[in-house]
Structures are given as C-alpha cells and as structure tokens.
Amino acid sequence: MTEPELHPETRAIRAGRSDNDTALAPILWATTTFVTPTVEEGRRMATGVGASRFYSRYGNPTVAGFEDAIAQLEGAETARAFASGMGAISAIVLGLCSSGDHIVAQRQLYAGTQLLLQTACPRFGIDVTFVDATEPGSFAAAIRPGKTTLVFAETPANPRLDLVDLDELGAIAGPITVVDSTLATPLSQQPLAHGVDLVVHSATKAIAGHNDATLGVVAGSSELVDWLYSFAVLQGANASPFDAMNGLRGLRTLGVRLRQQTEGAAELVTFLEAHPAVSDVRWPGSPSHPQHQLAVRQLVHFGGLVTFDLRGGLVAGTTFVESLAIAQLATSLGGPETLVTHPASTTHVNLTPDELAANGISPGTVRLSVGLEHPGDLVADFGRALAEVDRRTGR
Ligand SMILES: *Cc1c(COP(=O)(O)O)cnc(C)c1O
C-alpha cells in the first residue's frame, strides 16, 4: 500500500501494520519456527523468497512489518532486514560480488565498511578502488567496464559528514549503485528516487533510535533484494524479531526526533563555530560546510551529527570528551542521549595514520551525535568542557 499523498512523517506512523491484527503496537513473534500446514506449503516456503512463516532465519512476521515500513518510506519494491548494519552491508558485498569482480567505493566511509572492503574483499579476490567522492565524476572515472559490479557510497559520510551527489551516483549505468543512508534516515533523503539501486541503513542508529536494538536493512527492487535474500538466508545475519519491533517503534517518532536533533545541532554549531579552541566545525546545515548547497538540495533534515577539531590535538580531544557531564562518551549515534566519540582512538583506531588523514581525522577530532536534551543544557556542558581543555592545554 503506497500513500503518496501523505507526508513522510505520517507514513512513518502508518507503515508496517498489515500483520498487526487489531493490535495498535507491533506484535512480537518471538518464535524460531512455524507450523507448516502441508508438505506442499513447506516446499513453497523453503524454495521461495521472503517466507515469513517458515523458519525465522528466512523471515518472521515482526521483521516483515519492519521491512514493509522501510520499503514504503524508501519508495522501494521490497526490503530485507539484517541483524546489524554490517550484516546488511556484508550481505550486499559478499552476496552480489564474486571473485574477479571490482568495487568502487568512496574513501570516507563508516570504519566497519572500510575494513570489510579492505580486508575481506581481497581475500575473496574482489578488487576495491577508493575514490574521493566529493570530486564530481570520481565514481564514474574509476569504473572498469565489465569488471565493476558495485559502486558503494555513504552520504552523509562518517565521520566528517561529506556528501555524495545522489543524482550523479544514480546516473551511473552498469554496476549496482548502493548508498549507506544511515546518517540521513529514510525521512531525510530517498536515494532510490535519484536512480540509486540499493539503499542500506544501520537501523541501530536513528531508525530504532533508542540505543536498544542492533538492526540493519536493505531496500530496492524485488529483483536485487530477492537475489540478496538467497545469500542472506545462508549468511544467517537475520534480524531479531525483538530488534525489528524496536525498529518499528522507533520509526513512529523518527520525524520529531530528527527535527529536535537538527535544532539542537544548530545551536551547538553556532556555539562551537564562535569558540577559539575549536576549528573546522562540520555540519551539513552550516553555510561553512563545503557542500552546503548540495545539503540544502538533498537533505530534508540536516540532522544531529556534527564533527569538529580541537586545537591542541590529542590532549585537547581526550580532555574534552572526558570532561563532558551531560554528553557521554559512547560509540553510536541517532539516539536520545547526546554522545561524543573520539574517532582516532576508537572507531578509526585500526586505520593507519595516512588513512586517518585521508578520512579527515586528526587526534583532536570529536564526533558529536546531538540527542534530545534541552539545547541550552548541552551548550553549557560543552562550554564547561572547553574551559577544562583550555586549562589543561594552557591556552
Ligand atoms: C553504525 C553504522 C554502520 C554499521 O551498523 P551496525 O548496526 O553497527 O552494524 C554502517 N554504516 C553507518 C553509516 C553507520 O553509522
């Protein structure tokens, strides 16, 4: 059921309910298996695609509700949920590429994706070329006709929030184009409408939105997602029904959370841009972002992710994140709690110094995920932590 006349926030509240009976909230189908009425029915479910009442590694009604909701919000024919964002991404890479194939990916990527492409792909004879996706034409220029099977993009990208022009990516013919749209969410951009083939999310982040579910999802044409399905069933990174239920619950409030997080980020960015201990504040909503015009064209909500550098390097970076009292030092994003990470020592710790520099990460880089606290309390917290940085670095 598509309801194109409704706004995305409204569809996020109505979607994924077809299997709810009369329950208003999603029903948790906490079962691994289902009674099969006949042998013929069992044969059909075991050999078909997307059976949601056969065995839960193949599919599950609670998970199917979440998949339907994401497909509808992304304007996709279908979607498949996974146990995590990396479960979804590894299914795309290993389910769609074979030995001898070539992948083009952007350099600035979620660190898990980057490591998968750098370490697992060569073991399976899959060659990967990394490009600077902020350069127009860089993806297309790296494609090897007949060899390149996948073009992988992430926008906005971890951790420096660079953007990829979705129209340019969608215009690429030949290889399958994929966008990791986690930082945008389905309410902020719909890559498929730009001609991209597959969109993937770590629903662990803003979609589930409460730091209580590890969940991933891929949406696209039935042809591509069904092709992935046969690998996914063997890969075994299927979504847990409980996490899918929390994913559906999160979707209901995603619109209002995105608006509040965007508002909080705007206040913090204004404060950080004016502070002498801070440099290079990156937020797609700020006119200082190098791709702000693209952000205005492409994103409905600028979101709660902000990255900035502290003058004073490692001491400043670590002092700052350890001195915050309301914002907490934890790896994730998109939830109600404001979180900071220190990429150089955590998410990106496995990268070499050259790779860190290529990703725009310095020892003083801080990534911030603005939560739902009152923005005034966050500004005060950041002010106190920056005063501590000044004391410690003797500025
Ligand atoms: C967190 C994240 C992932 C990985 O998702 P998990 O659910 O942690 O496996 C992938 N891409 C982006 C952009 C992310 O932020």
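Peer 1: Help me out: how do you make sense of the site of the ligand in this one?
Peer 2: With respect to spatial proximity, 14 residues lie near the ligand, and among them G85, M86, D180, T204 and K205 are the closest. Between the ligand and N158 there is a distance of 3.3 Å, counted from an oxygen atom to a side-chain nitrogen or oxygen. Between the ligand and the protein, one listed contact pairs an oxygen atom with a side-chain N or O atom of T204 at 2.7 Å. Contact with the protein chains covers 92% of the free accessible surface of the ligand, which is 380 Å².

Peer 1: Got a minute to help me understand the domain arrangement of the protein chain in this structure?
Peer 2: For interface size, the figure often reported is the accessible area lost on association. Domain annotation for the protein chain reports domain 1 (8–252) and domain 2 (255–393). Each of domain 1 and domain 2 was reduced to a C-alpha centroid, and the two centroids are 27 Å apart. The interface is formed by 34 residues belonging to domain 1 together with 38 residues belonging to domain 2. Both faces considered, domain 1 and domain 2 share a buried interface measuring about 3,100 Å² in area, 51% of it formed by carbon and sulfur atoms. At the junction of domain 1 with domain 2, the criterion picks out five salt bridges. Connecting domain 1 to domain 2 are 17 residue pairs in polar contact (both at pLDDT 80 or more). Residue contributions to the side of domain 1 that touches domain 2 peak at four residues, all from helix α5 (residues 111–123). For the side of domain 1 that touches domain 2, the residue count by class is 15 nonpolar, 13 polar and six charged.

Peer 1: Explain α5 here, please?
Peer 2: Along an α-helix, a turn takes 3.6 residues, which lines up residues three or four apart on a common side. Taking 1.5 Å of rise per residue, 13 residues should cover 18 Å, and α5 covers 18 Å from first to last C-alpha, within 8% of that figure. Its maximal kink placed at L117, α5 deviates by approximately 25 degrees. Along α5, the residues that are buried comprise A111, T113, Q114, L116, L117, A120 and C121. Lining the buried residues of α5 we find α4 (85–96), β2 (102–106), β3 (127–131) and β4 (148–154).

Peer 1: Looking at this structure, how should I read the sheet that holds β4?
Peer 2: Each strand in a sheet pairs with its neighbour through backbone hydrogen bonds, running either in the same direction (parallel) or in the opposite one (antiparallel). Pairing in this open sheet of seven strands is mixed, and the strands run β1-β7-β6-β5-β4-β2-β3 from one edge to the other. Since the sheet does not close on itself, it has two edges, and those belong to β1 (78–82) and β3, each with one partner. Along the sheet, successive strands turn relative to each other by an average axial angle of 20 degrees, direction set aside. Summarising the sheet, β4 and strand β5 (residues 176–180) pair through five bridges and their orientation is parallel. Paired with F152 across the strands is V178, a residue of β5.

Peer 1: How should the environment of S84 be read in this particular structure?
Peer 2: Along the polypeptide, S84 turns up in the loop between β1 and α4. Note: C-alpha distance between S84 and R249 (165 residues apart in sequence) is 17 Å. Beyond its immediate stretch of four places on either side in the chain, S84 contacts T214, L215 and G216. Within the local environment of S84, its side chain forms a polar contact with the backbone nitrogen of M86, the two atoms lying 3.4 Å apart.

Reading guide: rules and limits
- Residues numbered from 1 in each chain as written.
- Predicted model: local features only at pLDDT ≥ 70, side-chain atom pairs only at ≥ 80, totals over all residues.
- Heavy atoms only, no water.
- Near = heavy atom within 4 Å.
- Polar contact = N/O pair within 3.5 Å; in protein donor to acceptor, adjacent residues only side chain to side chain.
- Areas by Shrake-Rupley, 256 points an atom, 1.4 Å probe, with all protein chains shown as cover.
- Domains from an automatic or database assignment.
- Contact = heavy atoms within 4.5 Å.
- Buried area = accessible area lost by both parts, 1.4 Å probe.
- Salt bridge = Lys/Arg side-chain N within 4 Å of Asp/Glu carboxyl O.
- Helix = DSSP H or I, 4+ residues; strand = E, 2+ residues; numbered from the N terminus.
- Nonpolar A, V, L, I, M, F, W, Y, C, P; charged D, E, K, R; others polar.
- Expected span 1.5 Å × (residues − 1).
- Bend = angle between axes of the 7 residues up to and from the residue.
- Buried < 20%, exposed > 50% of the residue type's maximum accessible area, 1.4 Å probe, protein only.
- Pairing = 2+ DSSP bridges.
- Axes fitted to C-alpha atoms, helices over the stretch in contact; angles between N-to-C directions.

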